[in-house]
Amino acid sequence: AKQTGPDGLSFFSEDMNQRAVDRLNLEAGLRRAIDRDELLLHYQPKVSIETGAIIGAEALVRWRHPERGLVPPAEFVPVAEESGLIVHVSNWVLEAACRQIRQWMDEGLPAMHIAVNLSARDFSSSLPARVQELLERHKIGAEWLELEITEGMLMHHTAKVVAMMDEITALGVALSLDDFGTGYSSLSYLKRFPIDTLKIDRSFVISIPDDVDDCAIAGAIVSMSKQLKHNVIAEGVESGDQLAFLKSLGCDEIQGYLFSPPVPAETFAAMVREGKRL
Ligand code: C2E
Ligand code: CA
Ligand code: CA
Ligand code: CA
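- Under the annotation held in an unreviewed UniProt entry, the protein chain carries the name PAS domain S-box/diguanylate cyclase (GGDEF) domain-containing protein and is attributed to Sulfuritalea hydrogenivorans sk43H.

Encoded structure:
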């Protein structure tokens, strides 16, 4: 904890000092990681409940650390978001995902949504032009790309944000609203934003069908999505019971360990080619 010395100046305790040092190391390390191409993407399939077929994937970043092995995003994305480094991470992720899409197109994989996660800082007025540039330079069809954004990004500068989202969807790129239900409770924005898909957060999926409250919340999100003509996907689906309940609600798609964890690109492509089904 922060402590105050006899002269009134505050100083950091050993513990906090150590954390500050760890953080600087992490930041410096992440900068190097981007330069040295130590980041990589895994892909987690998204599956249609109705047909059982793979309809896309979410790209999830990992850091292949020279000493620590594969580092999960929870250990570096939040720090990158606070320091602003996330913009570089996101650029790397967008670039890598588009390169991968190009390769899959060349290999004849059928078109499907590959979703990239964005952070609040990425959501600036230059985003539509960046997305367009990526699509043109990699010569990829816009139907391949999807962007996952979170509720928090939609709360400010509404008119500007709507205009930006309209520009992105006009390119043919789909937008999905991630971690739905965990952010602001004002739902009025839902009809204002050009959203294709609502993504039910894992925290509501984890205890269904046992927890009546979570069942009610999942049910409400699905029926609201239907009425607003949005697609709805549940994340973090691990059991057949969860799947059966979501199916009974009319949920469109699922993503979760029940079907597959995030996997390397080649493994994902192999699942698609083999026609792996739910
Ligand atoms: P998220 O966007 O909500 O991604 C879903 C997370 O849930 C992933 O964790 C995924 O591996 C995990 N997951 C999927 N199915 C299951 C399941 O059935 N059970 C359980 N327990 N977990 C499941 P991951 O890959 O560790 O990513 C964590 C978070 O890091 C993501 O949450 C996202 O917020 C962030 N993240 C990941 N990649 C990126 C990226 O490229 N850019 C940005 N800005 N954030 C990223
Ligand atoms: Ca996501
Ligand atoms: Ca999510
Ligand atoms: Ca989540």
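1. Digging into the coordination of the calcium ion (ligand 4)
No. 1: Every protein donor of the calcium ion (ligand 4) is accounted for by Asp179 (OD), Asp201 (OD) and Glu235 (OE), and the metal-donor separations fall at 2.3 to 2.5 Å.
No. 2: Written as a sequence motif, the donor arrangement for the calcium ion (ligand 4) is D-x21-D-x33-E.
No. 3: Separating the calcium ion (ligand 4) from the calcium ion (ligand 3) is a gap of 3.2 Å, bridged by Asp179, which donates to each. Linking Asp179 in strand β8 (residues 174-180) with Glu235 in the loop between β10 (231-234) and α9 (240-249), this pair joins segments that are 56 residues apart in sequence.

2. Details of the coordination of the calcium ion (ligand 3)
No. 1: Protein coordination of the calcium ion (ligand 3) is provided by Asp178 (OD), Asp179 (OD), Glu235 (OE) and Glu235 (OE), with donor distances spanning 2.1 to 2.9 Å.
No. 2: In the primary sequence, the donor residues of the calcium ion (ligand 3) line up as D-D-x55-E.
No. 3: Separating the calcium ion (ligand 3) from the calcium ion (ligand 2) is a gap of 3.6 Å, which Asp178 spans by donating to each of them.
No. 4: According to the relative accessible area criterion, Asp179 is partly exposed, its value standing at 25%.
No. 5: Residue classification places Glu235 among the buried positions, given a relative accessible area of 13%.

3. Notes on the site of ligand 1
No. 1: Near ligand 1 you find 21 residues, and of these Gln44, Arg62, Ser119, Glu238 and Tyr257 are the closest.
No. 2: Within the side chain of Glu235, a nitrogen or oxygen atom sits 3.4 Å from an oxygen atom of ligand 1.
No. 3: In the model, a nitrogen atom of ligand 1 is placed 2.5 Å from a nitrogen or oxygen of the Glu238 side chain.
No. 4: Surface burial for ligand 1 is 82%, taken as the share of its 810 Å² of free accessible area covered by protein chains.
No. 5: Among the elements of the structure, β4 (54-65), α3 (86-106) and β8 are those that each provide at least two residues to the shell around ligand 1.
No. 6: The greatest single-element share of the shell around ligand 1, amounting to four residues, is contributed by β4.

4. Examining helix α10 (residues 265-274)
No. 1: Within α10, the full set of buried residues consists of Ala265, Phe268, Ala269, Met271 and Val272. One side of α10 carries all its buried residues, which in axial view fall inside an arc of 155°. Those residues of α10 that are exposed and angled more than 90 degrees off the buried face are Glu266 and Glu274.
No. 2: If you follow the buried residues of α10, they end up packed against β3 (39-48), β4, α3 and β6 (113-117).
No. 3: Directly beyond the C-terminal end of α10, a positive phi value near 70° is found at Gly275.

5. A short note on the nonpolar core
No. 1: Within the largest apolar cluster, 84 residues are counted, with the highest numbers of intra-cluster contacts made by Leu39 and Phe268.
No. 2: For this core, the element with the highest residue contribution is α3, accounting for 10 residues.
No. 3: The contact partners of Leu39, leaving out residues within four places of it in the chain, are Leu30, Ala33, Ile34, Val61, Arg62, Trp63, Phe76, Val89 and Trp92.

6. Some points on the pattern of salt bridges
No. 1: Scanning the entire structure with this criterion turns up 12 salt bridges.
No. 2: A salt bridge links Asp252 to Lys226, with the nearest nitrogen and oxygen atoms 2.9 Å apart. A residue pair is termed long-range when its members are at least 10 positions apart, and Asp252 in the loop between α9 and β11 (253-254) and Lys226 in helix α8 (residues 212-227) qualify at 26 residues.
No. 3: Judged by its relative accessible area of 37%, Lys226 falls in the partly exposed class.
No. 4: Salt bridges sharing partners connect three or more residues here, namely Lys46, Glu58, Glu146, Glu148 and Lys199.

7. Thoughts on the packing of aromatic side chains
No. 1: Under the criterion given, the structure shown has four aromatic pairs.
No. 2: Between Trp63 and Phe76, the aromatic rings sit 5.6 Å apart at their centres with planes inclined by 85°, giving edge-to-face as the arrangement. Here Trp63, found in strand β4, pairs with Phe76, found in the loop between β5 (69-71) and α2 (77-83); they are 13 residues apart in sequence, far enough to count as distant.
No. 3: Overall, the relative accessible area of 0% leaves Phe76 in the buried class.
No. 4: Aromatic pair Trp104 and Phe268: ring centres 5.4 Å apart, planes at 50°, arrangement tilted. With Trp104 in helix α3 and Phe268 in helix α10, this pair connects stretches of sequence that are 164 residues apart. Neither residue differs from the other here; Trp104 and Phe268 are each classed as buried.
No. 5: Pairwise contacts between aromatic rings join Tyr43, Trp104 and Phe268 into one cluster.
No. 6: Positioned over the ring face of Phe259 is Lys276, at 4.6 Å from the centre of the ring.

What counts and how
- Residues numbered from 1 in each chain as written.
- Chains lettered and ligands numbered in written order.
- Predicted model: local features only at pLDDT ≥ 70, side-chain atom pairs only at ≥ 80, totals over all residues.
- Heavy atoms only, no water.
- Donors = N, O, S within 2.8 Å, 3.2 Å for Na, K, Ca; no water.
- Helix = DSSP H or I, 4+ residues; strand = E, 2+ residues; numbered from the N terminus.
- Buried < 20%, exposed > 50% of the residue type's maximum accessible area, 1.4 Å probe, protein only.
- Near = heavy atom within 4 Å.
- Polar contact = N/O pair within 3.5 Å; in protein donor to acceptor, adjacent residues only side chain to side chain.
- Areas by Shrake-Rupley, 256 points an atom, 1.4 Å probe, with all protein chains shown as cover.
- Arc of directions from axis to C-beta.
- Contact = heavy atoms within 4.5 Å.
- Core = buried A, V, L, I, M, F, W, Y, C linked by side-chain atoms within 4.5 Å.
- Salt bridge = Lys/Arg side-chain N within 4 Å of Asp/Glu carboxyl O.
- Phe/Tyr/Trp six-rings, centres within 6.5 Å; stacked < 30°, edge-to-face > 60°.
- Lys NZ or Arg CZ within 6 Å of the ring centre and 35° of its normal.

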